[in-house]
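Residue-level listing of the chains:
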Amino acid sequence: MRTKLFIKNSIVILVTKILCYLTEFVARTVLIHTLSMEYVGVTGLFTNILTVLCLSELGFGTVLVYSMYVPIVQNDKEKLLALTNFYRKVYGIVALLMGVIGGAVTPFLPYIIKDCPDLPGLSIFYLLYLANTVLSYTFTSRQSLFLADQKMYITDFYSNLLHIIRTIVQIILLVTLHSFTLYVLIQLPFTLCTNLLLSYKAKKAYSFLNSKKRPTLSPDEKRSIFKNVYAMFYHRIGSTVANSTDNLLISIFLGLTAVSKNSCYTLLVTFFKSVINPLFSSLNSGVGNYYASKTKEETYSLFHLLYFAGFWFYTFCTTSFFLLVNPFISFVWGDAFLFPLPAVLLIAANFFVAGVRMVTVTFKEALGILYQDRYCPVAESLINLILSILLVHFWGISGIFAGTLISMLSTSLWIEVRVLFRYGFQKSPKSFWLKNIKYLSAGVFSFALTFLCCLPFDLPPLALMGTRILLCLTVPNLFFLLIFHRSAEFRNLIYILKDVIRK
């Protein structure tokens, strides 16, 4: 049953996410050709500002879903209802805080944007983005049950379907009316409809939500949740600074044109993640349920298997991204949106390091290990901000990306592993790091080999991309197959894949 849910989640989320980002790609292209580069920068900048403000959520969503794993396994409906009611109250407060704090930022927008362009209605655009973010926290409390119950395919299917329809409407508005105001405004009714629809679906799937009872959590249960939220907040700081402050720093130091370029790379990075993240989204609740019903040793073996698979896959994706992204941007949006090769290499490196961490983070969250390394994200954030601000003066855009990379390598990459092994598996991570050296050596060599294979080809853009796609599909994967085909992780992975295909 667990495997079938994993397969269903992965397929539905993967297909709908890819369609989402394909329509987003078309919308970005239409936006560039109907308005200007500055509007692309505005969308990227405001999205990042609001992501930073979303820290007011404190990580309640992750903690609440984790708190539901055991009650779902035990079919404890009263506890689930109490958690859902608690979640609803919390998110009501979060929405209010978001509105107040976000509104207070409005007068400071000209100071956030270097050489602020004279875009009519800049503050109105920001307030519309803010209103959409506030709306996203309404009527969401019941959706957490789908996530904890390994039924993410339900939430993702309907939310992504409405997202696709919304993006198509936005494209039509841009083409016909050239109105950025309507482009942003149309998000609000779609966000509200999505949350109402998913709330209705949850009430149909979990009939106990219709109960008139209002059970509450005990003081000890609330203390446990707040303790984990306290720890999760630090982790949210780290991930937010690492992933969502680049556009802010670029805007402050380099201006909206550089933000526009970065937004194009971010869209493509996000597209790559949309192919990969469904697997990890499906895994999160799957690992939580697995840990609740299996032995610690079985969970430990599962971690090694998934880490190996994730490392291989991220090596392939990083190689493909680095070799394809500039030819693609040049062909679709023009050379004006290109970054120099060192900056692209750093973007790819950040993508890779953040990716190989995902299995570790997934297991930490699924096992509820949030408190023990709570200060690590704060250290990562400080290192990131300080180095990015210093290095941008010497290396420009590459300095900001280098700050992000150094901060991850010096903190979270190894601390998260140490904490997971100590508190989750009660084992030394020494054998893991020895394996990691072998994985990393293979990854670097396969990356370099693929890059060298691509150098001799000087072709028109489409032919060049086609050639590089074939080389990216074959060279790194054949190299990993050659090196690891006799390893225990590879044999177990093939066994599981055969089982998945059979089912």
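Check the entry above for the structure.
Quantities reported herein were computed from a predicted structural model and do not represent experimental measurements.

**Topic: the overall build of the protein chain**
The helix and strand inventory of the protein chain stands at 22 helices and zero strands. Within the protein chain, the fraction of its 503 residues that count as buried is 53%. Nonlocal contacts in the protein chain, meaning residues at least 24 apart in sequence, comprise 84% of its contacts between residues at least 6 apart. Carbon and sulfur atoms make up 68% of the accessible area of the protein chain, which totals about 22600 Å².

**What to know about helix H20 (residues 430–454)**
When the terminal C-alpha atoms of H20 are compared, their 36 Å separation across 25 residues agrees well with the 36 Å that a helix rising 1.5 Å per residue should span. The set of residues buried in H20 consists of Phe432, Asn436, Tyr439, Ala442, Gly443, Ser446, Thr450 and Cys454.

**So, the packing of helix H2 (residues 37–53) against helix H6 (residues 122–135)**
Packing of H2 against H6 brings their axes to within 10 Å, and their N-to-C directions diverge by 45°. By the angle class used here, H2 and H6 are oblique. Considering how the two elements wind past one another, H2 and H6 form a crossing that is right-handed. Across the interface between the two elements, Tyr39, Val42, Thr43, Phe46, Thr47, Ile49, Leu50 and Leu53 of H2 pack against Leu122, Phe125, Tyr126, Tyr129, Leu130 and Thr133 of H6. Of the residues assigned to the contact of H2 with H6, the class counts are eleven nonpolar, three polar and no charged.

**Some details on the environment of Leu162**
Relative to the elements of secondary structure, Leu162 occurs in helix H8 (residues 152–177). Classification of Leu162 by relative accessible area gives buried; the value is 17%. When the C-alpha positions of Leu162 and Cys20 are compared, they lie 9.4 Å apart, and in sequence the two are 142 residues distant. If sequence neighbours within four positions are ignored, Leu162 has contacts with Phe190, Cys193, Thr194 and Leu197.

**Quick look at the side chain of Ser260**
By the element assignment, Ser260 lies in helix H13 (residues 256–293). Beyond its immediate sequence surroundings of up to four residues, Ser260 is in contact with Met37, Glu38, Val40, Gly41 and Phe337.

**Re the side chain of Thr191**
Relative to the helices and strands, Thr191 is located in helix H10 (residues 187–205). Apart from residues lying up to four places away in sequence, Thr191 is in contact with Asn132, Leu135 and Ser136.

**Section: the pattern of salt bridges**
All told, the structure shown has six salt bridges when counted by the stated rule. Taking the shortest distance from any N to any O, the salt bridge between Lys79 and Glu221 comes out at 2.7 Å. Linking Lys79 in helix H4 (residues 77–105) with Glu221 in helix H11 (residues 219–244), this pair joins segments that are 142 residues apart in sequence. On the basis of relative accessibility, which here comes to 26%, the residue Glu221 falls in the partly exposed class. Put simply, Arg357, Glu380 and Glu416 are held in one network by salt bridges that share partners.

**Looking at unusual backbone geometry**
Even without being glycine, Asn75 reaches a positive phi, approximately 55°. If you trace the backbone, Asn75 turns up in the loop between helix H3 (60–73) and H4. Backbone geometry places His178, a non-glycine residue, at a positive phi of 55°. Counting through the fold element by element, His178 comes out in the loop between H8 and helix H9 (180–185). Judged by its relative accessible area of 44%, His178 falls in the partly exposed class.

**A few points about a positive patch on the surface**
Together, Arg88, Lys89, Lys203, Arg214 and Lys222 give the surface a local cluster of positive charge. Mapped onto the elements of the fold, Lys203 is located in helix H10. You can call Lys203 partly exposed: its relative accessible area is 30%.

Here is what the cut-offs are and how they apply
Residues numbered from 1 in each chain as written. Predicted model: local features only at pLDDT ≥ 70, side-chain atom pairs only at ≥ 80, totals over all residues. Heavy atoms only, no water. Helix = DSSP H or I, 4+ residues; strand = E, 2+ residues; numbered from the N terminus. Buried < 20%, exposed > 50% of the residue type's maximum accessible area, 1.4 Å probe, protein only. Contact = heavy atoms within 4.5 Å. Areas by Shrake-Rupley, 256 points an atom, 1.4 Å probe, with all protein chains shown as cover. Expected span 1.5 Å × (residues − 1). Axes fitted to C-alpha atoms, helices over the stretch in contact; angles between N-to-C directions. Parallel < 35°, antiparallel > 145°, perpendicular 65-115°, else oblique. Left-handed = near helix turned anticlockwise from the far one by under 90°. Nonpolar A, V, L, I, M, F, W, Y, C, P; charged D, E, K, R; others polar. Salt bridge = Lys/Arg side-chain N within 4 Å of Asp/Glu carboxyl O. Patch = residues over 30% accessible without salt bridge, like charges linked within 9 Å, V, L, I, M, F, W, Y side chains within 5 Å. Lys, Arg positive; Asp, Glu negative; His and termini not counted. Charge placed at Lys NZ, Arg CZ, Asp CG, Glu CD.

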